[in-house]
Amino acid sequence: MNNIWQVIEINSSAIILGLSVLVILLLLSQLILYRRFKAVSRRYKLLTRGPSGVDLEQILHQYASDVKNLEQLARELAQEQNLIKVQVAESINNIGLVRFNAFENMGSDLSFSLSLLDRKGDGVVLTGLYGRDETRIYAKPVRKGTSDYSLTEEEQQAIKKTMEANLHN
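Definitions and limits used
Residues numbered from 1 in each chain as written. Predicted model: local features only at pLDDT ≥ 70, side-chain atom pairs only at ≥ 80, totals over all residues. Heavy atoms only, no water. Salt bridge = Lys/Arg side-chain N within 4 Å of Asp/Glu carboxyl O. Helix = DSSP H or I, 4+ residues; strand = E, 2+ residues; numbered from the N terminus. Buried < 20%, exposed > 50% of the residue type's maximum accessible area, 1.4 Å probe, protein only. Pairing = 2+ DSSP bridges. Axes fitted to C-alpha atoms, helices over the stretch in contact; angles between N-to-C directions.

S.K.: I would appreciate a short explanation of the pattern of salt bridges in the present structure.
M.R.: Proximity of charged atoms lets side chains of opposite charge pair with each other. Scanning the model with the defined rule gives three salt bridges in all. Its salt-bridge partner being D122, residue R143 comes within 3.7 Å of it at the nearest N-O pair. Taken together, the positions of R143 in the loop between strand 4 (135–142) and helix 4 (153–168) and D122 in the loop between strand 2 (111–117) and strand 3 (123–130) put the pair 21 residues apart, joining distant regions of the chain. Under the relative-accessibility criterion, D122 is labelled buried at 16%. Between E134 and R136 there is a salt bridge whose closest N-O contact spans 3.3 Å.

S.K.: Help me understand the sheet that holds strand 2, please; the structure alone is not making it clear to me.
M.R.: Pairing between sheet strands relies on hydrogen bonds along the backbone, with the strands arranged either parallel or antiparallel. In space, the four strands of this open sheet follow the order 1-2-3-4, with antiparallel pairing throughout. For this open sheet the edge positions go to strand 1 (94–100) and strand 4, each flanked by a neighbour on one side alone. Pairs of neighbouring strands in the sheet enclose a mean axial angle of 15°, with direction left out of account. Alignment of strand 1 against strand 2, held across seven bridges, turns out to be antiparallel. Looking at strand 2, one finds that N94 is bridged to L117.

Set out below in structure tokens:
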């Protein structure tokens with residue numbers, strides 16, 4: 001054990017110098033690490049702050065709230081869309097028009113049959129008969145493409161045109 005103390009005594013100035021260099025190197029590395037930490041800390045603060053100066057947690061809470069509001073809005077829009085679909089299905093979507101000559105002694109196709117139906121085939125068919133002295137218009141209700149009243153060939157053609165147009169839409 002005495003040998004170790006003798007070696008330390010003999011080389012004490014070299015050991016102190018070596019330890020001093022080691023302490024200086026450790027202080028320099030500590031200073032470099034401190035500067036790097038400050039730079040990273042500054043970048044982190046910039047990253048976690050939003051444009052209005054709030055932190056990342058507040059931004060995420062706001063985004064979560066916005067998503068909930070958007071989900072509610074999407075549900076409301078889906079309900080309105082379904083209501084509109086029902087209304088569109090019950091409205092007149094297409095018309096079928098057939099022009100014809102009702103009387104042989106008349107020129108041109110001045111008479112007509114006009115069907116106004118929704119997608120289910122419900123509505124009305126109008127027929128206008130044009131004569132020299134008078135014009136008459138008849139209306140017949142239509143349910144599912146047929147009527148309780150007898151339909152003329154022209155009325156049936158007008159209904160068929162409308163039903164075919166509804167199939168293509």
